[in-house]
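Chain by chain, the residues run as shown.
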Amino acid sequence: MMLRFLTLFALIFCISVTESHKIKSARHDVRNFPEGFLFGTATASYQVEGAWDVDGKAPNIWDHMTHNDPCLIKDCSNGDIADNSYYLYKRDVEMMRELGIKFYRFSLSWPRILPTSFPDEINEAGVQYYNNLIDELLKYNIEPMITLYHWDLPQKLQELGGWTNPFIVDWFGDYARIAYRLFGDRVKYWMTINEPYQVCYQGYGDVTKAPRLNMKGIAEYMCGKNLLMAHARAYHIYDDEFRSSQNGVVFIAYSAQWYEPESENEIQAAEECNQFMWAFYVHPIFSETGDYPPIVKERVAAKSAEQGFARSRLIEFTPEEVDYVRDTADIFGLNHYSTNFVYRNDSVNGYYESPSFYDDMGVIMYQTDEYKIGESDFTKSIPWGFYKLLTKIREDYNNPTVFICENGFATHGGLNDDDRVQNMRTYLSAMLDAIEEGSDVRAYAFWSLMDNFEWMQGYIERFGLYEVDYEDPERTRTPRKSAFVYKEIVKTHSLDFHYEPTDTVMTIDEL
Ligand code: NOJ
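The written sequence of each chain sets the order in which its residues are numbered from 1. In keeping with the model being predicted, local features are shown solely for residues with a pLDDT of at least 70 and side-chain atom pairs are shown and tallied solely at 80 or more, while totals for entire chains, interfaces and linings include all residues. Side-chain figures throughout are based on the complete set of non-hydrogen atoms in the structure, without hydrogens or water.

**Observations concerning helix α17 (residues 481-492)**
Taking 1.5 Å as the rise per residue, α17 with 12 residues should run 16 Å; its terminal C-alpha atoms sit 17 Å apart, in good agreement. Note on exposure labels: buried denotes an accessible area under 20% of the residue type's maximum, exposed denotes more than 50%, and partly exposed covers the range between, all computed with a 1.4 Å probe on protein chains only. Labels follow the DSSP assignment, with helices taken as runs of H or I lasting at least four residues and strands as runs of E lasting at least two, numbered in each case from the N terminus. When you tally the buried positions in α17, you get 9 out of 12 residues, the bulk of the element. Where α17 is concerned, the buried positions are Lys481, Ser482, Ala483, Phe484, Val485, Tyr486, Lys487, Ile489 and Val490. Expected helix span is computed as 1.5 Å times (number of residues minus one).

Structure representation (structure tokens):
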């Protein structure tokens, strides 16, 4: 009797969750992933390595910022030790073996490899650390995927203007060449830059990432052009000097959330929002014409003229530069977490500081608690937005091969993370919906392997499959329920909404 009641309750619960999240795909209980589909996990250097001043590493902009003004970070913490992966990388790889994953996305710390920022001095100890990590991964058939730049710019380069200085195109190219030369015999997947919008808007147009320049409507556009040119430089260097001998791929990891019209009247507003928020960096590389999206060029030029600027604040590409940047990615790298709703009415006039990127875009966006699962406000769970985004990428850019370089969910800690499990399953299912309709998605990296330094949120927002104990000098890592669920997904190459893990201890399955 009790069992029947529980089953009925579970059924009603599943139906209501399905309804409220509009999961088209929950019609299937078990869904298979395409043959050859790759599962992995992701981290980034400053978020996990620690060892901030060890063995010759020079400071980066996050070292600088967190040391000078500690409580800019919500819990007044920093990445000095973080997960201590500089020393604990073997345990990290052991966790990947427990999960059975096929690849690991991690990033290189530029000032750990090049302490002067330039190729005149190569820090052997830093190189050794990455060699050790790569070799440990390969020993267990885990493919290394490297991000060259995941936000930890050498502080010295920041003092020269960072991403607003056009010379960064040369500096980044020189650094990329060294990395290909040092590691490219074993590393075949290269992401140049992680999340251009976050680097440029949040770091230069706002105060929500280092270096917090906050020069709205000006600096984010300077950064945007230099970043795209620097990416293209790193791509061309690989193409010209390494591709024939190393046979790898080079791409860029975009952050793209989905922007949904609040009503039918807002379709145009939402479309423009998608163009500003992510197509800004995609169109120059993936469209047939190249260059920024036309609507972005028009709106920024018109606003700039109205405001009395002598030229558009959007630094435009010359025709040669358009060609240089177009078609410089072998794969579409996508980081996706959530969806926002969008509208535009008269209230937008004066809503944002002017000039600014948001004022140029001229739409209002919001999220509601309807989609909140769990205790964190950080990652509202709206899986159908992932499906819509993947569909738009397929339709607008001629169905590129997509790697999901990040997808995940924030909690405030605890091993029993049913909310993360629900989010993971429904997002994977939404991804499968898009694949069934033709999207060429071939890989999925869960963010993150383990809890880590979540930028301005410090260690408050937790993204890990493994919980990290920051009170413990050993930084002990313990698998959460989501780790056991992810392991089952990887092992069975399928998604079973009803699977309940019974293990509490992780083991390594022999292959
Ligand atoms: C985006 C970033 O690439 C990563 O560093 C961050 O921790 C996650 N998403 C979660 O916010």
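This is not the end of the story, as more comes after the structure.
**What about the site of the ligand?**
It suffices for a single heavy atom of a residue to lie within 4 Å of a molecule or strand for the residue to be listed as near it. Residues in close proximity to the ligand include Gln47, His150, Trp151, Asn194, Glu195, Asn335, Tyr337, Glu406, Trp447, Glu454, Trp455 and Phe463, which together make up its full environment. Glu454 places a polar side-chain atom, nitrogen or oxygen, 2.6 Å from an oxygen atom of the ligand. In protein, a polar contact means a hydrogen-donor-capable atom and an acceptor-capable atom, both N or O and within 3.5 Å, with residues adjacent in sequence counting only if both atoms are side-chain atoms; elsewhere, any N or O pair within 3.5 Å suffices. One of the side-chain nitrogen or oxygen atoms of Trp455 is found 2.9 Å away from an oxygen atom of the ligand. Here, Shrake-Rupley sampling with a 1.4 Å probe gives the accessible areas, and only protein chains in the shown set may cover a residue. Burial of the ligand by the protein chains amounts to 92% of its free accessible area of 300 Å². Asp, Glu, Lys and Arg are counted as charged, while Ala, Val, Leu, Ile, Met, Phe, Trp, Tyr, Cys and Pro are counted as nonpolar; the rest, among them Gly, fall into the polar class. Taken together, the residues of the shell around the ligand break down into 5 nonpolar, 4 polar and 3 charged.

**Some words on unusual backbone geometry**
Cis rather than trans, the peptide bond between Ala210 and Pro211 has omega equal to 10°. Summarising the element assignment, Pro211 is placed in the loop between α9 (196-205) and α10 (219-246). Residue Ser354 is joined to Pro355 through a cis peptide bond whose omega torsion reads 0°. You will see that Asp55, though not glycine, has its phi angle at about 55°, which is positive.

**Focus on the nonpolar core**
What we call a nonpolar core is a set of buried Ala, Val, Leu, Ile, Met, Phe, Trp, Tyr and Cys residues that are connected through their side-chain atoms within 4.5 Å. Ranked by size, the top nonpolar core spans 169 residues in total, and within it Trp62, Trp163, Trp278 and Met431 carry the most contacts. The dominant element in this core, judged by the number of residues it contributes, is α10, at 13 residues.

**A short note on the state of the cysteines**
Covalently bonding the sulfur atom of one cysteine to the sulfur atom of another cysteine gives a disulfide. By definition, disulfides here are pairs of cysteine sulfur atoms that lie within 2.5 Å. For the coordinates displayed, the defined rule picks out 2 disulfides. Disulfide partner of Cys71: Cys76, at an S-S distance of 2.1 Å. Taking the sign of the torsion about the S-S bond as the criterion, the disulfide between Cys71 and Cys76, at about 115°, is right-handed. Classification of Cys71 as exposed rests on a relative accessible area of 52%. What makes Cys76 partly exposed here is its relative accessible area of 37%. Sequence-ordered numbering of the bonded cysteines in the chain gives a disulfide pattern of 1-2, 3-4. Cys273 takes part in no disulfide bond, and the closest cysteine sulfur to it belongs to Cys200, at a distance of 17 Å. The closest cysteine sulfur to the non-disulfide-bonded Cys405 is located on Cys200, 18 Å from its own sulfur.

**Details of the sheet that holds strand β10 (residues 364-366)**
Strands qualify as paired when DSSP identifies two bridges or more between them. Spatially, the 3 strands line up as an open sheet ordered β7-β9-β10, and their pairing is mixed. The sheet is open, and its two edges are formed by β7 (258-261) and β10, each paired on a single side. When the angles between neighbouring strand axes are averaged without regard to direction, this sheet yields 40°. Relative to strand β9 (residues 339-343), β7 runs parallel, the two being bridged by 4 bridges. Within β9, the residue paired with Pro261 across the bridge is Val342. We call two residues contacting when some pair of their heavy atoms lies within 4.5 Å. The axes used here are C-alpha line fits, helices contributing only the stretch in contact, and every angle between their N-to-C directions lies in the interval 0 to 180 degrees. Packing against the sheet, helix α11 (residues 267-286) makes contact with β7, β9 and β10, and its axis sits at approximately 170° to β7.

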